[in-house]
Amino acid sequence: MAVIAYNEADVKLLARLMRAEAEGDGKLGMLMVGNTGVNRVRGNCIDFTDINSIRDMVYQSPGGFEATQKGYFYQRAREKDQRLARKTINGKRYHPASNSLWFFMPEGECPAQWFGQWNTGRYKSHCFYSPTRADCPSVY
């Protein structure tokens, strides 16, 4: 059962984002990017109080995703990527991105904090950051 509202266009949009942001980190890395995106829609907290849909989340400005500025993002969504997107829309979570609202790819080690949020772990090239339960209970 979906944890956020969506339509088929949203599935394709999320799939394109996941691929563009984390294809180099494999399926699990892409799923973690999906977790982060879904959490931003669910969150209604911190920097994401006006994010009410997958489309709002993907194109949020400022604070959105760098991938939307690159041509690779605009390629057609592949069916295998859409299946991954549906998993995250349906609430499947993957640590360390289970409750994350942010991720990024540092050149070195993951900083302990980013945008005031604590690092919850690294998967391959991406570091993930989650708010506290008190700051954003809806992502828990």
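Being a predicted model, the structure only gives us computed values, none of them experimental. (Residues numbered from 1 in each chain as written. Predicted model: local features only at pLDDT ≥ 70, side-chain atom pairs only at ≥ 80, totals over all residues. Heavy atoms only, no water.)

### Details of the UniProt feature "domain: Cell wall hydrolase SleB" (unreviewed entry) in the chain
Turning to step 1, where the next piece is worked out: According to UniProt, the positions carrying the feature "domain: Cell wall hydrolase SleB" (unreviewed entry) are residues 24–129.
Turning to step 2, where the next piece is worked out: Taken end to end, residues 24–129 is 32% helix and 15% strand, and its first and last C-alpha atoms sit 20 Å apart. (UniProt positions renumbered as here; feature names shortened; annotations may be inferred. Helix = DSSP H or I, 4+ residues; strand = E, 2+ residues; numbered from the N terminus.)

### Focus: the packing of helix H1 (residues 8–22) against helix H4 (residues 79–89)
Turning to step 1, where the next piece is worked out: Between H1 and H4, whose axes approach to 8 Å, the crossing angle comes to 105°. Overall, the two elements H1 and H4 adopt an arrangement that is roughly perpendicular. Along its contact with H1, which presents Glu-8, Val-11, Lys-12, Leu-14, Ala-15, Met-18 and Arg-19, the element H4 presents Asp-81, Gln-82, Leu-84, Ala-85, Arg-86, Thr-88 and Ile-89.
Turning to step 2, where the next piece is worked out: Among the residues forming the contact of H1 with H4, the class breakdown is seven nonpolar, two polar and five charged. (Axes fitted to C-alpha atoms, helices over the stretch in contact; angles between N-to-C directions. Parallel < 35°, antiparallel > 145°, perpendicular 65-115°, else oblique. Contact = heavy atoms within 4.5 Å. Nonpolar A, V, L, I, M, F, W, Y, C, P; charged D, E, K, R; others polar.)

### Here we look at the sheet that holds strand S1 (residues 102–104)
Turning to step 1, where the next piece is worked out: The four strands are arranged S1-S4-S3-S2 in an open sheet whose pairing can be described as antiparallel. Both outer strands of the open sheet, S1 and strand S2 (113–114), are each paired with one neighbouring strand and no more.
Turning to step 2, where the next piece is worked out: Where S1 and strand S4 (residues 126–130) come together, three bridges link them in antiparallel fashion. Note on S4: the bridge partner recorded for Trp-102 is Tyr-129. (Pairing = 2+ DSSP bridges.)

### Some details on the nonpolar core
Turning to step 1, where the next piece is worked out: If you look at the biggest cluster of nonpolar residues, it comprises 39 residues, and the most contacted ones within it are Leu-14, Leu-17, Met-18, Ile-54 and Met-57.
Turning to step 2, where the next piece is worked out: Within the residue set of this core, elements represented by two or more residues are H1, helix H2 (26–43), helix H3 (54–58), H4, S1 and S4.
Turning to step 3, where the next piece is worked out: Of the residues forming this core, the biggest block, seven residues, is contributed by H1.
Turning to step 4, where the next piece is worked out: In contact with Met-57, not counting residues within four places along its chain, are Leu-14, Leu-17, Gly-37, Arg-40, Val-41, Ile-51 and Phe-65. (Core = buried A, V, L, I, M, F, W, Y, C linked by side-chain atoms within 4.5 Å. Buried < 20%, exposed > 50% of the residue type's maximum accessible area, 1.4 Å probe, protein only.)

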